[in-house]
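Understanding the architecture of this molecule
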Amino acid sequence: MIGTGVLVRLALRRDRLLLPVWILVIVAIPVAIASAIAELYPDVGQRLALGATMMANPALQALTGPIFDPASVGGLTAWRATTFAAVLAGLMSIMLVTRHTRAEEESGRAELIGAAPVGRYALPAAAVIVTGLANLLAALLLVAGLAGQGLPLAGSIAFAGAVAGMGLVFTGIAAVTAQLTANARTANALAVAVLGLFFLLRSAGDASGAEAVSWLSPLGWAQRIRAFADERWWLLAVFAAVAVLLVAGADLLARRRDIGAGLLAARRGPAAASASLRSPLALAWRLQRGMLFGWAAGFAVVGGVFGALAASVGDIVGDIPQIADMLARIGGAGVLVDTFFATQLGLFALVASGYAVQAASRPRAEETIGRAEPVLAASVPRWRWLAGHVACALAGSALILLIAGLAAGLAHGLRIGEPATQATRIAGAALAQVPAVWVLAGITVLLFGLLPRMTAVAWAFLVAFFLLGQLGELLQIDETIRRFSPFAHVPALPGGTATATPFVWLCLTTGVLIAAGVAGFGHRDLKSD
Amino acid sequence: MSSEFAVLINGLTKRFGHVPALDGLDLDVRTGEVHGFLGPNGAGKTTALRVLLGLLRGDSGHAEILGSDPWRDAVALHRRLAYVPGDVTLWPTLSGGEAIDLLARLRGGIDPRRRATLIDRFDFDPTKKGRAYSKGNRQKVALIAALSADVELLLLDEPTAGLDPLMEAAFRECVAEERAAGRTVLLSSHILTEVEALCDRVTIIRAGRAVETGTLTQLRHLTRTSITAELAELPASLAGRPGVHDLAVNGNQVSFEVDAEHLDGVMRLISQAGLRSLICQPPTLEQLFLRHYQVSAS
Ligand SMILES: Nc1ncnc2c1ncn2[C@@H]1O[C@H](COP(=O)(O)OP(=O)(O)OP(=O)(O)O)[C@@H](O)[C@H]1O
Ligand SMILES: [Mg+2]
């Protein structure tokens, strides 16, 4: 396709900062995990003990998947790092593809390019090539990094292949979602939802022992490639085939639509606004509600599935006699179910923080694209305009966590015959996560007010807190550093004991961050770049 | 005092990083007039309007609008003025009609009859969603929202860019009505016929500074008459004479431009040089604008 080469170079030029950071993170996490495991668990006995404890905890298996070889450093690395690296590779691919296809069309830049002598499908082709190259580069660096840690070469290649395979599959998925809707944000959200669904399938399969369910998900394949534990090389071909099929599908879709258009035709709207659309809050709600409904539906489904699984968690472990003894000593299977819920709700809280950051970043998008200007040129104080979006972020994140908690508690309660009790209990535990999630919204608002061009850095905070929480203990990161994460202050609920103090502090922190952000926004220029 | 001027700007500066966008701008708009705001691309028109709206904060100098400080009193001021941005972006999920209502309500209310009249006059379909509108139709959303508001001052940033000639005519009618109703209009524009047709006074800015300001009649005085003449002999004193510009000699034929104030003397000179034919083109504002614009390019 004529012009693809130029467009590839343009994309590389635009992403010369973003791309290396993504690749670095994808490579650094598995390498850091490998080196930590080698250092902390130097002999086989220690590793087998670690493996046994971990396999006894289905909540953790829901998060990480099974261990195929607890005896080797490589086996433990693959167990602990595959999901992280594969999910990150998927996210990077989604972001890159959307950024260079649908976002370009939406901004009108694609029209400029389309008028130049380049092939009609040069833009999506360039996006797929750039994303594919990024995944391949990440894979090469992963092989070098892991083999450099002294791990077997074959296993390193299988591990890197699985990560890049996930990236390529999501290159295809994002190429498809970019064709479906006229809006880049929706295209991203659809692809991320697919990623979430695959995570859920694998996690449900692994926690409940239903292998077949895990096999439905590319994340399941990534683990079942069995890096460092008698590799299944043919899975690499499966990744490649699925990626190629998806890209071909995207190409078919692209041929059936006009530039700038989605596959679904735009509908008409009312000729006049309803009486309720009269305040900045009403506008923010109108702009954000679609996204919130999507998240709420997703959280309800995911919460319900995990809730339905919870009771089996005790069963699986109960079958193993030594563990059953240990369980009886620490308080029975109920403790295990509580631990399972506490772990899952911690994960829900991290994902809900993604919503909070997305919703609290909306004012920046409105400012950049020029839609803040007419609203602020009407008689709207800046703080009220911002407050509308902040309210959506705060209330929305609380709402989706509540829904997840209710759904999980209800599903679990129906199984064990006490729906009302469990629904309130788990919903309460879910709400305990809310103040920590709000801190992320606060950080976003602070950045927007004081350093608007850096608003997206809020995502880096989220990733950092995620890593501190999930890997802090394994990597033995200093306690004082780990306490920077707001999630480190949330008590383990249900089951644990809670005092008001951490909640008060988290809410105060959020309040100060938001107040500073709002004040900063009130004192700065409106910046459209 | 504040009732005499709707907008008063003195020595306003604003820089973006190292780029000065406004460099000591002076501008005064009298209450009740339609004031044209002209200047080449990047001269600082939009920046000045954004400062007047309190969206940007001036670095130094004085800016006052309807008697108040545009940054400090922004919210109260915005109830008394309406703004049409040069580049209108709409919300993809809102229909045009919803956007009009929303913007008007945020300012304090809308006159439903005036809204209906304007939608009719601009031949606007309010039921489409944001993305489905063409550039001109997006512009109409901002125009209808602004013109249907009961305000004292209209700030219009290239409001007709993208409108077809029929709509442009409708717009001119509307502005004439606004003036008749006693409203003040500050109109930034690149369309000279529009400025000539609508504006009482004009300010031309270049590189963030006002280079010319006055009524159209005053400005016409600054323009030059272009003359082409065939003479029996060439008067030696024509070249280098004050007020004569761009002199070109081709055999017996001369052509040049002359400032209004020197016209009398130059005509006397050439009429004594054996005048055989004479083409005399009246001054146009366009020439004046072009002259000011071109200096900035060089
Ligand atoms: N946000 C910004 N950041 C940096 N520079 C800016 C910014 N906004 C405007 N400028 C610069 O300020 C100067 C004045 O720009 P402005 O938009 O006010 O010009 P204008 O007179 O409205 O031009 P046009 O006729 O093209 O609309 C230009 O040099 C422009 O590049
Ligand atoms: Mg402008």
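Note that the structure is predicted; figures quoted are calculated from it, not measured.

Residue and element names in this part refer to chain A. The geometry of helix 18 (residues 382–416) relative to helix 19 (residues 419–431) is characterised by a closest axis approach of 7 Å and an angle of 150° between their N-to-C directions. As judged from the angle between their axes, helix 18 and helix 19 are roughly antiparallel. Here helix 18 and helix 19 pass one another in a crossing that is right-handed. Contacts between helix 18 and helix 19 involve Ala398, Leu401, Leu402, Gly405, Leu406, Ala408, Gly409, Leu410, His412, Gly413, Leu414 and Ile416 on the former and, on the latter, Pro419, Gln422, Ala423, Ile426, Ala427, Ala430 and Leu431. Along the lines of polarity and charge, the residues of the contact of helix 18 with helix 19 split into 14 nonpolar, five polar and no charged.

What follows covers the site of ligand 1. Residues and elements named next belong to chain B. In the vicinity of ligand 1, the contacting residues are Phe16, Ala21, Pro40, Asn41, Gly42, Ala43, Gly44, Lys45, Thr46, Thr47, Glu158 and His190. Interatomic distance of 2.6 Å between a side-chain N/O atom of Thr46 and an oxygen atom of ligand 1. Note that an oxygen atom of ligand 1 is positioned 2.5 Å from one of the side-chain N or O atoms of Thr47. With three residues, the top contributor of residues to the shell around ligand 1 is helix 1 (residues 45–52). In terms of residue class, the shell around ligand 1 is made up of four nonpolar, six polar and two charged.

All names here are of chain A. Counted by the stated rule, this structure contains 16 aromatic pairs over all chains. Ring geometry for Trp215 against Trp234: centres 6.3 Å apart, planes inclined by 10°, an arrangement best described as stacked. A residue pair is termed long-range when its members are at least 10 positions apart, and Trp215 in helix 11 (residues 211–215) and Trp234 in helix 13 (residues 234–254) qualify at 19 residues. Here Phe448 and Phe521 contribute two aromatic rings whose centre-to-centre distance is 5.0 Å and whose plane-to-plane angle is 40°, an arrangement assigned as tilted. In this pair, Phe448 is assigned in helix 20 (residues 434–450) and Phe521 in helix 23 (residues 500–522), connecting sequence segments 73 residues apart. The burial state of Phe448 is the same as that of Phe521; both residues are buried. By the ring-pair criterion, three or more aromatic residues cluster together here, those being Trp295, Phe299, Phe306, Phe340, Phe341, Phe348 and Tyr355. In this structure, Arg202 packs its charged tip against the face of Phe199, placed 5.6 Å from the ring centre. The residue whose ring lies beneath Arg382 is Phe521, and the NZ or CZ to ring-centre distance is 5.3 Å.

Tracing the backbone shows Arg107 of chain B in helix 3 (residues 96–107). Although Arg107 of chain B lies buried, it forms no salt bridge, and the closest oppositely charged side chain, Asp101 of chain B, sits 10 Å away as judged by the N-O distance. If near-sequence neighbours (up to four positions away) are discounted, Arg107 of chain B is found in contact with Ala378 and Ser379 of chain A together with His78, Arg79, Leu81, Ala82, Tyr83, Ala145, Ala149 and Val151 of chain B.

All names here are of chain B. Read from one edge of the open sheet, four strands run 11-12-10-13, paired in antiparallel fashion. On the outer flanks of this sheet lie strand 11 (244–250) and strand 13 (275–281), each paired with one strand and no other. For this sheet, the mean inter-axis angle between neighbouring strands, taken without regard to orientation, is 15°. Sheet contacts for helix 9 (residues 263–271): strand 10 (224–231), strand 11, strand 12 (253–259) and strand 13; angle to strand 10, the most-contacted strand, approximately 5°.

With that out of the way, let us pick up the sheet that holds strand 7 (residues 184–188) of chain B. Note: strands within a sheet are paired through backbone hydrogen bonds, in either parallel or antiparallel orientation. Residues and elements named next belong to chain B. In space, the six strands of this open sheet follow the order 5-6-7-3-8-9, with mixed pairing throughout. At either end of the open sheet lies a strand with only one pairing partner, and these are strand 5 (81–84) and strand 9 (209–215). When the angles between neighbouring strand axes are averaged without regard to direction, this sheet yields 15°. Across six bridges, strand 8 (residues 201–206) lies against strand 9 in antiparallel orientation. Opposite Val202, over in strand 9, you have Gly214 as the bridge partner.

Residues and elements named next belong to chain A. Once the domains are mapped, chain A shows domain 1 (1–262) and domain 2 (289–529). Once you take the C-alpha centre of each, domain 1 and domain 2 turn out to be 24 Å apart. Domain 1 puts 20 residues into the contact, and the matching count from domain 2 is 23 residues. Considering only the surface of domain 1 that becomes buried against domain 2, Phe84, Arg185 and Leu200 emerge as the three largest contributors, covering 24% of it. In this assembly, domain 1 and domain 2 are joined by zero salt bridges. For the side of domain 1 that touches domain 2, the elements supplying multiple residues, two or more each, are helix 2 (18–40), helix 4 (58–64), helix 5 (73–100) and helix 10 (184–208). It is helix 10 that provides the largest number of residues to the side of domain 1 that touches domain 2, a total of six residues. The residue inventory of the side of domain 1 that touches domain 2, partitioned by class, reads 15 nonpolar, three polar and two charged.

Taken residue by residue, the interface counts 38 residues in chain A and 35 residues in chain B. Summed over the three residues of chain A that lose the most area to chain B, namely Arg371, Glu373 and Ser379 of chain A, the buried surface amounts to 18% of that side. Here chain A and chain B share four salt bridges between them. Linking chain A to chain B there are 26 residue pairs in polar contact (both at pLDDT 80 or more). Among the secondary structure elements, those contributing two or more residues to the side of chain A that touches chain B are helix 14 (280–318), helix 16 (333–369) and helix 17 (372–377) of chain A. Residue contributions to the side of chain A that touches chain B peak at five residues, all from helix 17 of chain A.

Right, let's get into a nonpolar patch on the surface. There is a patch of nonpolar side chains on the surface, built from Leu450, Leu451, Met454, Val457 and Phe461 of chain A and spanning about 420 Å² of accessible area. Here Phe461 of chain A shows up in helix 21 (residues 457–471).

Reading guide: rules and limits
Residues numbered from 1 in each chain as written. Chains lettered and ligands numbered in written order. Predicted model: local features only at pLDDT ≥ 70, side-chain atom pairs only at ≥ 80, totals over all residues. Heavy atoms only, no water. Axes fitted to C-alpha atoms, helices over the stretch in contact; angles between N-to-C directions. Helix = DSSP H or I, 4+ residues; strand = E, 2+ residues; numbered from the N terminus. Parallel < 35°, antiparallel > 145°, perpendicular 65-115°, else oblique. Left-handed = near helix turned anticlockwise from the far one by under 90°. Contact = heavy atoms within 4.5 Å. Nonpolar A, V, L, I, M, F, W, Y, C, P; charged D, E, K, R; others polar. Near = heavy atom within 4 Å. Polar contact = N/O pair within 3.5 Å; in protein donor to acceptor, adjacent residues only side chain to side chain. Phe/Tyr/Trp six-rings, centres within 6.5 Å; stacked < 30°, edge-to-face > 60°. Buried < 20%, exposed > 50% of the residue type's maximum accessible area, 1.4 Å probe, protein only. Lys NZ or Arg CZ within 6 Å of the ring centre and 35° of its normal. Lys, Arg positive; Asp, Glu negative; His and termini not counted. Salt bridge = Lys/Arg side-chain N within 4 Å of Asp/Glu carboxyl O. Pairing = 2+ DSSP bridges. Domains from an automatic or database assignment. Buried area = accessible area lost by both parts, 1.4 Å probe. Patch = residues over 30% accessible without salt bridge, like charges linked within 9 Å, V, L, I, M, F, W, Y side chains within 5 Å. Areas by Shrake-Rupley, 256 points an atom, 1.4 Å probe, with all protein chains shown as cover.

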